[in-house]
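# Descriptive structure summary
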Amino acid sequence: MTVTLEHPALLAGEGLPRFEAITPDQIQEHIPELLSQLETELSGLESRFEAALAEGRPLGWHEVMDPLHRLGERLRWSWGVVGHLNGVCNSPELREAHASQQAAVVAFGQRRGQSQVIYKAVRTLREQGGWDGAQERILAAEVRDMELRGVGLEGEAQAAFNAASQELAELSTRFGNQLLDATSAWTLTLTTADEVEGLPRSLLEQLAQAARQADARRADGGEATAEEGPWLMGLDMPRFGPFLRFSRRRELREKVYRAHVSRASGEEGGNGPLIQRILELRREQARRLGYGNWAEVSLASKMAGSEAEVERLLEDLRVAAYPAAKRELEELRLCAEQAGAPEAADFQPWDVSFWAEARRRELFALDSEALRPWFPLPRVLEGLFGLCDRLFAIQIEAADGQAPVWHPDVRFFRVNDRDTGLPLAAFFLDPYSRPESKRGGAWMDECLVRQVKADGTPVLPVAYLVCNQSPPVGETPSLMTFQEVETLFHEFGHGLHHMLTTVERPQAAGINNVEWDAVELPSQFMENWCYDRATLMGMARHWQTGEPLPEEEFAKLAAARTFMGGSATLRQVHFALTDLRLHSQWHPESGQTPEDLRREVARTTTVLPPIEEDALLCGFGHIFAGGYSAGYYSYKWAEVLSADAFSAFEEVGLDNEELIRATGRKFRDTVLSLGGSRHPAEVFEAFRGRPPSAEALIRHTGLAVKE
Ligand SMILES: [Zn+2]
């Protein structure tokens, strides 16, 4: 008889997690235990590396990279489950347990990432040479990432680097907080029906709720209601966006707009001084690391090869979008003129959303709610899985009950190769919104990464796919909006990237080691199929009558896709170019302020110039408080790749079944297989037979010159 010592579920480190057995108490108890074990192992590895380096004997992959991976994988597995549960079944206890361990986990990551001995060992390994392409890329990324953390610096330079990193972290937190404070500090109480003219019911409810939270009451002392007010307006997106679209009171739109664009730009608590300091510090950091400027640092780990390459793409898009944006604005102005609105003679930024909404209604009369009955989740899944079978020769089968889950609504599926019948991967699908315990939005995350264990047994990839759509009610299945369908396809694209990889080195399998500006290729690629007539009409069936989606509704969806496409593209170009140039061209002696530079960029990237108090930079959290600095262009970069990849299918003819299947198979064997084992430019060329071109994106956005 053998006695097996039961491992705590949180420390299993492999296999599918037993979610129900992982409790906040376990996290508090076992994460510190795990970290101290890993610390001991890490120190042990360092001593071994040090000894080997001192002896000057060659190192082996299995001696350095495998143990480093196993160490990282144990932390990823355990902390990954904690993060996952924190996102999908949150509770005050779990949140507290997560927060209490986070600093220690981050500190361990830093300790590992800045280890001089590991850095030397990896560099030595790399210099020994003789590695295959994937290994070479894994080593190069490891060296680069450690260097970007300052591991290669010594003495005073390193001290200065660390001090500046610290200051930068503090500045970006302050930037974010001040922006948040400025956003929530501004309110406007609306009290008469006249002041809320045009606002839809959902917004009125939101405004009344905000009023109740602030305890703003009616004149008679009653509580705020959607019907009678008072309504409390604010600058957060859920209130600001719809207000500009729907408010019929132009002077109120103006007031709200001016307040929004000048957020955090005042003397007190303004972000202005922080911007200059952040840019200066980043420039100094870049110099310390041996780069010319911060844009070069950012691009060192991206697919885009140089600033010039990014500039070229943005210019291609700008040239296509500018005349279209100009035309679109003129159409909105005409729309106002026909309605006899005075703003036709003096069109301003606070009029754009309002008239765009009016025109959208006029052109498409698209009611996103009304389409729900045609998109019941089971049918959408059938359509999606059928498409994957057709394109990628995979079969997806329900396997509910074969894996532990964290909520009864969660489903489990297996993915098999259609031709061989062999299992390839599996995924969890957690489709429905649970506002009380689940984070909003949609995402794909790694549960298990494809790899070969030390004893030679393979581990198949498993993905988490999480959405937030309406749950079923009684006998009615979850009925999705078209946007929710697109979101599901998007996340599924990330999932396919993770699951269909054939790379056996986990450091470069699936989405691992894929450059940041290329990682959205498979996800955005899948979205394109929602606009493919055969795919969409094949799956959109009324959940009760089985009727197909009416032809005119499909036409409206297709037309709405490119509505205001020029303006939207130009806006992204404006942001991306401002971001790039601030991090490449601007410096304290450049003779202009960051704001001057932004206004210079605006001259060719806006149709309505920014108004006097427009302080875009003070609210540009993406680049000053988030991780997008000199990387905002990535949104468009990845869209170029995904649109161009989809155009390979358009070229063979979307109704040419045989060639569609062949092209899909090729996509699977390149983009979905190769993960981070090769440079994304090579992966793309392996699929497309040539470098990417912006032509397809320009065409899909409706910006191509019509002949
Ligand atoms: Zn994505």
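Residues numbered from 1 in each chain as written. Predicted model: local features only at pLDDT ≥ 70, side-chain atom pairs only at ≥ 80, totals over all residues. Heavy atoms only, no water.

### Some remarks on the overall build of the chain
Counting its secondary structure elements, the chain contains 26 helices and nine strands. Since a compact globule built from 707 residues should have a radius of gyration of about 27 Å, the 27 Å found for the chain is in line with a globular shape. Referenced to the eigenvectors of the C-alpha coordinate spread, the extents of the chain come out at roughly 85 × 65 × 60 Å. Within the chain, the proportion of its 707 residues that are buried is 52%. Carbon and sulfur atoms form 51% of the exposed surface of the chain, whose accessible area is close to 31,600 Å². One finds the centroid of the 74 positive side-chain charges in the chain at a distance of 2 Å from the centroid of its 106 negative side-chain charges. (Helix = DSSP H or I, 4+ residues; strand = E, 2+ residues; numbered from the N terminus. Rg over C-alpha atoms; globule rule 2.2 N^0.38 Å. Buried < 20%, exposed > 50% of the residue type's maximum accessible area, 1.4 Å probe, protein only. Areas by Shrake-Rupley, 256 points an atom, 1.4 Å probe, with all protein chains shown as cover. Lys, Arg positive; Asp, Glu negative; His and termini not counted. Charge placed at Lys NZ, Arg CZ, Asp CG, Glu CD.)

### Considering empty space enclosed by the protein
Gaps left between atoms show up when a probe the size of a water molecule is rolled over them. In the structure shown here, the tally under the stated rule is two cavities of 30 Å³ or more. Quantified by volume, the largest cavity comes out at close to 130 Å³. Taken together, 16 residues line the largest cavity, and the ones lying closest to its centre are Val514, Ala518, Leu521, Pro680 and Val683. At the level of secondary structure, the elements contributing two or more residues to the lining of the largest cavity comprise helix H16 (521–528) and helix H25 (680–688). Per-element tally for the lining of the largest cavity: the top contributor is H25, with three residues. Classifying every residue of the lining of the largest cavity gives ten nonpolar, three polar and three charged. Considered as a void within the structure, the second largest cavity measures approximately 50 Å³ in volume. When residues of the lining of the second largest cavity are traced back to their parent elements, those giving at least two are helix H10 (272–288) and helix H19 (565–584). Counted by class, the lining of the second largest cavity contains four nonpolar, three polar and two charged residues. (1 Å grid on protein atoms, 1.4 Å probe; cavity = no way out; pocket = protein on both sides within 12 Å on 5 of 7 lines; lining within 4 Å. Points joined across faces, edges and corners; volume = space filled by probe spheres on them. Nonpolar A, V, L, I, M, F, W, Y, C, P; charged D, E, K, R; others polar.)

### Some points on the packing of aromatic side chains
A full pass over the atoms with the stated rule returns 37 aromatic pairs. Judged by centre distance (4.9 Å) and plane angle (50°), the ring pair of phenylalanine 412 and phenylalanine 428 falls under tilted. Of the two residues, phenylalanine 412 is situated in strand E4 (residues 411–417) and phenylalanine 428 in strand E5 (residues 423–432); the sequence distance between them amounts to 16 residues. Both residues of the pair, phenylalanine 412 and phenylalanine 428, count as buried. Here the aromatic rings of tyrosine 632 and tyrosine 635 are separated by 5.2 Å at their centres, their planes lie at 65°, and the arrangement is edge-to-face. Owing to a relative accessible area of 6%, tyrosine 632 belongs among the buried residues under this scheme. With relative accessibility at 31%, the residue tyrosine 635 sits in the partly exposed group. (Phe/Tyr/Trp six-rings, centres within 6.5 Å; stacked < 30°, edge-to-face > 60°.)

### Digging into the sheet that holds strand E6 (residues 443–448)
Strand-to-strand pairing in sheets goes through backbone hydrogen bonds, with the strands running parallel or antiparallel. Strand order across the open sheet formed by five strands is E3-E4-E5-E9-E6, with mixed pairing between neighbours. Bordering the open sheet on either side are strand E3 (394–398) and E6, each of which pairs with just one other strand. Ignoring strand direction, the axes of neighbouring strands in this sheet form an average angle of 25°. Across six bridges, E4 lies against E5 in antiparallel orientation. Paired with phenylalanine 412 across the two strands is phenylalanine 428, which belongs to E5. Together, E5, E6 and strand E9 (462–469) form the strand contacts of helix H2 (residues 61–88), whose direction differs from that of E6 by roughly 145°. (Pairing = 2+ DSSP bridges. Axes fitted to C-alpha atoms, helices over the stretch in contact; angles between N-to-C directions. Contact = heavy atoms within 4.5 Å.)

### Quick word on the coordination of the zinc ion
Distances from the zinc ion to its protein donors, His490 (NE2), His494 (NE2), Glu520 (OE) and Glu520 (OE), fall at 2.1 to 2.8 Å. Around the zinc ion, the four donor atoms sit at angles spanning 51 to 141°, and that spread fits a shape best called irregular. Read in sequence order, the donor residues coordinating the zinc ion give the pattern H-x3-H-x25-E. Separated by 30 residues along the polypeptide, histidine 490 in helix H15 (residues 482–499) and glutamate 520 in the loop between H15 and H16 bring together distant segments of the chain. (Donors = N, O, S within 2.8 Å, 3.2 Å for Na, K, Ca; no water. Tetrahedral: all angles 85-135°; square planar, octahedral: opposite > 155°, others 65-115°.)

### Regarding the pattern of salt bridges
Counted under the stated rule, the structure contains 61 salt bridges. Across the pair glutamate 657 and arginine 390 runs a salt bridge whose closest N-O atoms are separated by 2.9 Å. Placement of the pair is glutamate 657 in helix H23 (residues 657–669) and arginine 390 in helix H14 (residues 377–392), with a sequence separation of 267 residues. A relative accessible area of 33% means that glutamate 657 is categorised as partly exposed. A salt bridge links arginine 699 to glutamate 650, with the shortest nitrogen-to-oxygen separation between them at 3.0 Å. A residue pair is termed long-range when its members are at least 10 positions apart, and arginine 699 in helix H26 (residues 695–700) and glutamate 650 in helix H22 (residues 634–652) qualify at 49 residues. Given a relative accessible area of 34%, arginine 699 falls into the partly exposed group. Connected through salt bridges with shared partners, the residues Arg245, Glu357, Arg360 and Arg361 form a single ionic network. (Salt bridge = Lys/Arg side-chain N within 4 Å of Asp/Glu carboxyl O.)

### A closer look at the pairing of E5
Both faces of the sheet carry side chains from a regular strand, because those side chains alternate between them. Counting buried residues along E5, nine of its ten residues qualify, which places the element largely inside the surrounding structure. With antiparallel pairing between neighbouring strands as the criterion, E4 and E5 make up a hairpin whose turn holds five residues, including glycine 421 at a positive phi of roughly 75°. Direction of pairing for E5 relative to E9: parallel, over a ladder of six bridges. Bridge pairing links leucine 429 to leucine 465 in E9.

### Section: unusual backbone geometry
Glycine 229 connects to proline 230 through a cis peptide bond whose omega is -5°. Here proline 230 lies in the loop between helix H7 (201–213) and strand E2 (231–234). Phi at asparagine 513 takes a positive value of approximately 65°, unusual for a residue other than glycine. Despite not being glycine, methionine 564 shows a phi value in the positive range, around 60°. On the accessibility criterion, methionine 564 (15% relative accessible area) is buried.

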